[in-house]
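A structural walkthrough
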Amino acid sequence: MNGIASELPWLWAGLGAYFVATLIAMWGVVPRFAGVPFVKTKRHEVVVLTFLVIGVLLLTLAISARWIRIGHGPWISLFELLMSQLWSLGIIFSLLYWRLSGLRPSAVIVLPVMWILGSWVLTLEPTASHFPATYYNSWKWVHVGLGKVFLALLLAGVGLAGVMILRRTQRGLRWFSSMPSDAVVDHLAWRFMMLALVFDSLMLIAGAVWAQDAWGRYWAWDSLETSAFLTWLFLAIGLHVRLSYRVPAWASGLIIIGIFAMAFATYFGMPYISPSAHKGMV
Amino acid sequence: MFTMIQKLASLKFTLAGMILLAIGASLSYGNPTGVSVWVLIVPMVMLAMNLSAAILTNPRINQQSGLLTFHVSLLSIVILAAVGRLTHMDAHIELVVGSEFSHQNLQEVQSGPLHGGDIEAVSFLQGPYSVQYAPGMQRGLTHSHVKVKNMQGEWQDTVVGDDRPLVIDGYRFYTTFNKGFAPVLTWVPDQGQAATGTVNMPSYPLFDYKQDNHWTPPGGDEIKFWLQLQTSMDVESAWVLEQSSSSGVLIVTTPTKRHEVPLGESVRLGSGRLHFGELRMWMGYRLFYDPTIQWMFFVSIAGVAGLGYYFWKKINLNPWVEGSATDTSIPTNTGAETEKDSHSVIASGTVVSTSPDSSEAGGPIHVPDSRAEPNQHADVFAENSGKKQALGDQA
């Protein structure tokens, strides 16, 4: 390890801010507090957004501190990848939360999913990673940036999918009573999936250009590439099914969650269990 | 005939093809060379046929420029990938510093039956190179100097390495981790002409513990070589691998005797004399040729642009708003929407009533869809009724 892990205090603080945002978001949907003026006037949503923004700013400091300490960005290790995703998911979800007020109650699903990443990163050692020569390529920025938008759009879809599924229960119905009908939520969720397909496709193209430069082939069916292709295919299948069949809201939600699970495994599983070139250590 | 094409364009067929492709990709997961390529080719051919038929017969695709562009681009990618496999060339070559590229020295050559590139016309000279290492023997940047002929026919120096390939006439040469040392030896036989050549030692520093090779002179016994290297290699700290900071002693072993030959010296061996003239390095390149890659890029971008345009049109007409259950262009999945639901908006502000009147601009498109199953015209992409409502209020 290169010196003291100066990023850790900022990381903890950022995750703390996300945690507070999660608690307040949950408080906001509990029917018992529905009459509380703070909730009734939706002011709690401003507080949730504020804590999300604070979390993003603190994670920015964490990433910057690590960047300065080890000399490169959060591209390589699982610790870096999780920290970076927590940051980008936080930014994009904050934007969606701010602009699309109707999906705000779904934060009670989205934020705990982000907390899976948050808990995971805290179990990892912040050991300095080696920056491979092939990562100097500028297409890496394009590939990773598009991938972050893709995952964030999927996560927004998952929030709405969770709403549709939880509404099968009495408690879920009460929690999300302020949200529009399942049909409306479903429609919005699939709009996120449509956009996700665009960004996923662009991410694959940028990745292929990078792979051509870095490893001398644009596609080689390595583990991560196969997994990324399967994610794209699942998304395409989901959209075609949704386009053509009358799918119940709960099933629609399950399809979205299935696609997200595949993407999640691609992002956070494959690069670290596969010895393929895509691990970036060539 | 048209009916047959329509049947081929069935969405069920699309889904079956996609699921088969997913199964094929899963089967080859982590072991693409160990599984028959047909698990991917069969579903891809199925999908290509289905897609072609859908492009021809499905108005939902062929009457909407964005979707049409996207689907034509998907089909083109499959065709380009097939053309790429038929015309490609992959190979490896080891080039000693100071030597010129010759296609005759290519190893592990794989090329498609329709490969039409002119590899014989490719010419460049290998210059010196350096490879940086971080502490812990972690490989960093490679700078390989090569000389390439410019338009005037003069040699021009250029630096390649890692993600910067040398590209000549569509042939792309990539530096690899495979590189090492090559003693330059001159064999002077008692009778006949002297000959000079190099013996490439195994990759360095990967095989620094076994820098050996062998050679049999014409009419003589096999000679074994072992190179005792002195480089700046340091496992604990950063260092640079380069020819200028490396030297070595060559251990030459014949069936009867062992000799230590320092750089610049000679040794008498049976029917001749061996001179260790120089210690050079060699670089291993990966050669890649596929004339379709630029086309593949442009077609892919065009396809995504088409898809983006299609979605943008749909979303922009009714940005982030949901309409009513009475709007027939909106899927009514649950079938349980109430009157209240029909006026729902994804906004916490004012509820804006939606209009079932689809005669306004941006009204739902109802193109007969040969691919849709009966009673399944729900279209998540279709425009909503004309009234626009902001999903995101600024409350």
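Look up: the structure comes first, before these words.
Here's what I pulled together on the structure shown here. What you are looking at is a predicted structure, and each value in this text was computed from that prediction instead of being measured. Each chain carries its own residue numbering, running from 1 in the written order of its sequence. Lettering of chains starts at A and numbering of ligands starts at 1, both following the order in which they are written. At least 70 in pLDDT is required for a residue's local features to be given in this predicted model, at least 80 for side-chain atom pairs to be given and counted, and no such filter applies to totals for whole chains, interfaces and linings, which use all residues.

Quick notes on the overall build of chain A
As a reminder, the rule being used: Each helix is a run of H or I in the DSSP string that is no shorter than four residues. Each strand is a run of E no shorter than two, and both are numbered from the N terminus. Only C-alpha atoms enter the radius of gyration; for comparison, a globular chain is expected to reach 2.2 Å times N to the power 0.38, where N is the number of residues. Note on contacts: each residue gets a C-beta atom placed from the backbone, and two residues are in contact if those atoms are within 7 Å.
Each helix and strand in chain A was counted, giving 11 helices and 0 strands. Each helix and strand of chain A, ordered N terminal to C terminal, gives the series α-α-α-α-α-α-α-α-α-α-α. The C-alpha radius of gyration computed for chain A amounts to 19 Å, which stays within 12% of the reference 19 Å derived for 282 residues, consistent with globular compactness. With the C-alpha coordinates aligned to their principal axes, the bounding extent of chain A is approximately 60 × 50 × 25 Å. Contacts spanning at least 24 positions in sequence make up 83% of the contacts within chain A whose residues lie at least 6 apart.

Let's talk about helix α8 (residues 182–215) of chain A
Rule in force here: For a helix, the expected span equals 1.5 Å multiplied by the residue count minus one.
If you check α8(A), its first and last C-alpha atoms are 46 Å apart, about what 34 residues at 1.5 Å a residue would give, namely 50 Å. Immediately beyond the C-terminal end of α8(A), within one or two residues, lies Gly216(A), with a positive phi of roughly 75°.

Overview of the nonpolar core
Keep this limit in mind: We define a nonpolar core as a collection of buried residues of the types Ala, Val, Leu, Ile, Met, Phe, Trp, Tyr and Cys that are connected via C-beta atoms lying within 7 Å of each other. Any residue whose C-beta has 12 or fewer other C-beta atoms within 10 Å is treated as exposed, any with 20 or more as buried, and any in between as partly exposed, C-beta atoms being built from the backbone.
Among the nonpolar cores identified, the biggest contains 114 residues, and Met83(A), Leu154(A) and Ala196(A) are the most heavily contacted of them. The element that contributes the greatest number of residues to this core is α8(A), accounting for 24 residues. Each residue touching Leu154(A), except ones within four places of it in the same chain, is listed here: Ala196(A), Ile259(A), Phe260(A) and Ala263(A). Ile93(B), Tyr204(B), Leu241(B) and Val261(B) belong to the second largest nonpolar core, which has 42 residues in total.

What about the pairing of strand β12 (residues 247–253) of chain B?
All names here are of chain B. Heads up, the rule is: Should DSSP find at least two bridges between two strands, the strands are taken to pair.
Every second residue of β12 is oriented toward a common face, the buried set being Gly248, Leu250 and Val252 and the non-buried set Ser247, Val249, Ile251 and Thr253. Summarising the sheet, strand β10 (residues 223–230) and β12 pair through 7 bridges and their orientation is antiparallel. When the sheet's bridge partners are listed, Leu229 is paired in β12 with Gly248. Here β12 folds back onto strand β13 (residues 258–262), and the loop between the two strands holds 4 residues.

Overview of helix α5 (residues 65–87) of chain B
For α5(B), spanning 23 residues, the distance from its first C-alpha to its last is 31 Å, which sits close to the expected 33 Å at 1.5 Å a residue. Those residues of α5(B) lying buried are Gly66(B), Leu67(B), Thr69(B), Phe70(B), His71(B), Ser73(B), Leu74(B) and Leu80(B).

Things to note about the packing of helix α6 (residues 139–166) of chain A against α8(A)
Residues and elements named next belong to chain A. What counts is decided by this rule: Interaxial angles span 0 to 180 degrees and are taken between N-to-C directions of axes, which are lines fitted to C-alpha atoms, for helices over the stretch in contact. By definition in this entry, angles of less than 35 degrees are roughly parallel, angles greater than 145 are roughly antiparallel, angles of 65 to 115 are roughly perpendicular, and the rest are oblique. Note on convention: near helix rotated counterclockwise from far helix by under a right angle means a left-handed crossing. Clockwise means right-handed. Under the scheme applied, nonpolar residues are Ala, Val, Leu, Ile, Met, Phe, Trp, Tyr, Cys and Pro; charged residues are Asp, Glu, Lys and Arg; polar residues are all the others, including Gly.
Between α6 and α8, whose axes approach to 8 Å, the crossing angle comes to 160°. Between α6 and α8, the angle falls in the class roughly antiparallel. You can see that α6 and α8 cross each other, and the crossing is left-handed. A class-by-class count of the residues in the contact of α6 with α8 yields 25 nonpolar, 4 polar and 5 charged.

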